[in-house]
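# Understanding the architecture of this molecule
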Amino acid sequence: MQSLAVAPLQRESVLNVTIPRSEDIAKLLDQLDSCIADDLESQWLDFKPWEGAKDSMRVAVEYAVCFANAGGGVVVFGVADQVRGRAAAIHGVGNYDIDVWKRGIFDATRPNLAVEIDEIAVSEGTGRLLVLRVPRGAHPPYGTARGYFTQRIGKNCMPMDSQGFARSQVASGAVDWSGQPAEGLTLEDLDPVEIARGRNIVKRLRASSELSKMNDAEFLQALGALRQGKVARAGLLLFGRDEVLQSVCPQHQVHYVYEGANNSILRNDSYQCGLLQILDRIEQAFTGPSNPEQELTTGLFKLRVPAFSIEVVREAILNAVTHRDYSDPGEVLLRHKRQEIAITNPGGFLGNITPRNILRQEPVARNRALAEALQKLGLVERAGIGRQRIFMPPLSFGKRIPIYETDGTRVTLRVYDGAFDEGMALLVAKWRGDGRDVDLDTLLILTYLRDNAFIDTAAAADLLQVSREQARTVLDQHALPKTGFLERRGRTKAATYHLNKAVSGDMHGKAAYTHSKGIASIRYPELVRQFIEDHGSITPRECRELLGLGESGTARVEVSRLLKSWSGEGGWLKRVGQTASSRYVPTQPQEEEP
């Protein structure tokens, strides 16, 4: 029986390594009197002699592919790598056009690579070196237009073998690993008990689906577990017999660790069985004393608040196994602590997804066949809903916002328990009980205002992961009379948004709204600095609006006094213009807050 396990790509770890900057390279050149350039080369740095614009560009294309398939790197042209002595080794470059080089490298690579090119001034040779800076590729494997594929191994560019090429395609999502045939396997290698488990899930979650009326072969075919009569890897992951999975796909493992007080390990379980069975076992682990509930009561209404919502745990595990890189021998790890769970899966984000845009970017499934099968079973909803399932339950209870982290080779999701906000939990439950739509934007804004007196468009854009204009539209929508829960204070860029009186009272008590009308004067410099950082300058009117002082004569005098004190001799602001429309900008360099 052929194993589906694969070895990791042969590349050195690039974590915590900075690709050399031009100033770092300039310092290295001083060492050429005591060594040759080849001695200074590394996984991320190579020196090349200048052989003319045309021939050197050909070399640049090959090295761009080589570095992009590994961790990125830099090629310095104009230095002989086997000659000792700075004056003899550095001969420089000439007769080239940087824009032509950028376009040439872009056109000559597949997928196209955008690189950075700059120059280093030297006293030897032609007086300048050409520096090609290649980022780590987001969609490897990369090759030349002529079909040449290499990757950086140590100080050399080595051809990628067929297995390395295939692994790179799986890791980047270019090839759907889960949709490929599980070579050598037949229906006998699938577990009838697990197939029945899948049928029961369909009956429970999608009672009207035609899947529940099909025989086993039709059921598996409709799910994509069977393709053209062959068992697909998605089918193996879902329904494979335990011993088969452990033999041919050992990287398919979910590891559950439950930590008690003082980092004691209370449970340490590894699951190497069908995915549906793994889900059941994880859900059982979060039932009982390890996942306590609290009950809130207001009048006749009761609300149960679990430490960790089963829905969140289920969705997090489904995301991890669907998006993991099966060319990586690592496992999915679920670490369960009293106030946090962390789910880590092999494989970084695909496409342009980052932790800072994950709420808005369309998801990219590394294992599309598996994702589609889970959707047909009813365990996964349409694209993008999964993130809401992860974020909305904890935010609805007034808990911390979940966080995604990545180092480029792993993705970790952290979901928190700890203290929750009883006022916010009851408010959200009341709104939903009244039939009010409480979407993710609403919960994010409420969460922010639980800890802050107000929110402005800059903070909202960062929080909601949208543009400033989109953030302003969302805030204004929630500040509409009668239906909104915010109050807008001000009409310019300095406008701030606060909880309205009713909602502020529900969340923070009756005194909170009155208190929010004013801002502690000790925070004035901080707020003005932030506004200027966002907008470049501030006017007296914008300052009055930002600080919530109004338009009274007293407010005008107070703001005039403040701006004068901050822009006096040695101050951190300076006044531009002497009219009523004068603006204040930061001094250069900006000094510390007085």
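Residues numbered from 1 in each chain as written. Predicted model: local features only at pLDDT ≥ 70, side-chain atom pairs only at ≥ 80, totals over all residues. Heavy atoms only, no water.

### Examining the sheet that holds strand β1 (residues 45-48)
Strands in a sheet are paired, the pairing made by backbone hydrogen bonds, and the direction either parallel or antiparallel. Definition in use: In short, DSSP must find at least two bridges between two strands for them to pair. Secondary structure elements follow DSSP: runs of H or I of four or more residues count as helices, runs of E of two or more count as strands, with numbering from the N terminus. Note on method: axes are straight lines fitted to C-alpha atoms, helices fitted across the in-contact stretch only, with angles between N-to-C directions ranging 0 to 180 degrees. Contacts: residue pairs with any heavy atoms within 4.5 Å of one another.
Strand order in the open sheet formed by four strands is β1-β2-β5-β4, and the pairing between neighbours is mixed. Single-partner strands in this sheet number two, and they are β1 and β4 (116-121). Each adjacent strand pair in this sheet contributes to an overall mean axis angle of 20°, direction not counted. Across four bridges, β1 lies against strand β2 (residues 73-77) in parallel orientation. Across the sheet, the residue bridging to Leu 45 is Val 74, located in β2. Each of β1, β2 and β5 (128-134) is contacted by helix α3 (residues 53-68), which is oriented at about 165° to β2, the strand it contacts most.

### Topic: the sheet that holds strand β12 (residues 265-271)
Pairing in this open sheet of six strands is mixed, and the strands run β12-β11-β15-β16-β18-β17 from one edge to the other. Two strands lie at the open edges of the sheet, namely β12 and β17 (403-406), each paired on one side alone. Taking the axes of each pair of neighbouring strands and ignoring which way they run, one obtains an average angle of 15° across the sheet. Docked against the sheet, helix α12 (residues 310-323) engages β11 (254-259), β15 (332-336), β16 (340-346), β17 and β18 (410-416), running at close to 15° with respect to β16.

### Section: the confidence of the model for the chain
Which entries qualify depends on this criterion: Scored between 0 and 100, pLDDT is the confidence that the predictor attaches to each residue.
Per-chain confidence: the chain averages 87 in pLDDT, with 90% of residues scoring 70 or above. Looking over the chain, one finds the lowest element-wise mean pLDDT in helix α20 (residues 510-516), namely 46, and the highest in β15, namely 97. A low-confidence stretch, residues 510-515 stays under pLDDT 50, and its non-local contacts, those more than four residues away or across chains, total eight contacts.

### Some thoughts on the environment of Val 74
Among the structural elements, Val 74 can be located in strand β2. In the structure, Val 74 is positioned 31 residues away from Gln 43 in sequence and 9.5 Å away in space, judged by C-alpha atoms. Sequence-distant contacts of Val 74, that is, excluding residues within four places in its chain, are made with Ile 19, Pro 20, Ile 25, Trp 44, Leu 45, Asp 46, Phe 67, Val 131, Leu 132 and Arg 133.

### Quick word on the state of the cysteines
As a reminder of what qualifies: Throughout, a disulfide means two cysteine sulfur atoms within 2.5 Å of one another.
The tally for this structure, following the rule as stated, stands at one disulfide. For Cys 66, the disulfide goes to Cys 157, at an S-S distance of 2.0 Å. Taking the sign of the S-S torsion, -100° for the link of Cys 66 and Cys 157, the bridge is left-handed. Pair noted here: Cys 66 is in helix α3 and Cys 157 is in strand β8 (residues 156-159), with a separation of 91 residues, a long-range link.

### Comments concerning unusual backbone geometry
Along the chain, Arg 110 connects to Pro 111 via a cis peptide bond; the corresponding omega equals -10°. Tracing the backbone through its elements, the reader meets Pro 111 in the loop between β3 (109-110) and β4. We note that Gln 228 has phi near 55°; this positive angle belongs to a residue other than glycine. Note on placement: Gln 228 falls in the loop between β9 (226-227) and β10 (230-231). Phi at Asn 262 is positive, roughly 55°, even though this residue is not glycine. Within the secondary structure, Asn 262 is located in the loop between β11 and β12.

### Focus on the nonpolar core
As a reminder, the rule being used: Nine residue types can take part in a nonpolar core, namely buried Ala, Val, Leu, Ile, Met, Phe, Trp, Tyr and Cys, and a core is a set of them joined through side-chain atoms within 4.5 Å. Burial classes: relative accessible area under 20% of the type maximum marks a residue as buried, over 50% as exposed, and values in between as partly exposed (1.4 Å probe, protein chains only).
Core analysis: the largest hydrophobic core is formed by 93 residues, its most contacted members being Phe 219, Leu 238, Phe 239, Ile 282, Phe 286, Leu 377 and Leu 446. A total of seven residues in this core trace back to one element, the largest contributor, which is α12. Membership of the second largest hydrophobic core comes to 23 residues, among which are Phe 67, Val 93, Trp 101 and Leu 130.

### Some details on the packing of α3 against helix α5 (residues 98-107)
As a reminder of what qualifies: Orientation is classified from the angle alone, with under 35 degrees giving roughly parallel, over 145 giving roughly antiparallel, 65 to 115 giving roughly perpendicular, and any other angle giving oblique. Two helices cross in a left-handed way if the nearer one is turned anticlockwise from the farther one by less than a right angle. They cross in a right-handed way if the turn is clockwise. Nonpolar residues are Ala, Val, Leu, Ile, Met, Phe, Trp, Tyr, Cys and Pro. Charged residues are Asp, Glu, Lys and Arg, and all others, Gly as well, are polar.
Relative to each other, α3 and α5 sit at 50°, their axes nearing to 10 Å. Compared by their axis directions, α3 and α5 come out oblique. Viewed along their axes, α3 and α5 form a crossing whose handedness is right-handed. Contact with α3, carried on its side by Ala 53, Ser 56, Met 57, Ala 60, Val 61 and Ala 64, involves Val 100, Trp 101, Gly 104 and Ile 105 of α5 and no other residues of that element. Each residue belonging to the contact of α3 with α5 can be placed in one class, and the counts come to eight nonpolar, two polar and no charged.

### A word on the environment of His 139
Relative to the elements of secondary structure, His 139 occurs in the loop between β5 and β6 (143-144). Classification of His 139 as partly exposed rests on a relative accessible area of 35%. On a C-alpha basis, the gap between His 139 and Leu 350 in space is 7.9 Å, while along the polypeptide they are 211 residues apart.

### Considering helix α18 (residues 468-477)
Rule in force here: What the arc measures is the spread of directions leading from the helix axis to the C-beta atoms.
Among all positions of α18, only Ala 471, Arg 472, Val 474 and Leu 475 are buried. In a view along the axis of α18, the buried residues occupy a sector of 165°, so they form one face of it. Turned more than 90 degrees off the buried face of α18, the exposed positions are Glu 469 and Thr 473. In the core, the buried residues of α18 are packed alongside α16 (440-451), α17 (457-464), β19 (486-489) and β20 (496-499).

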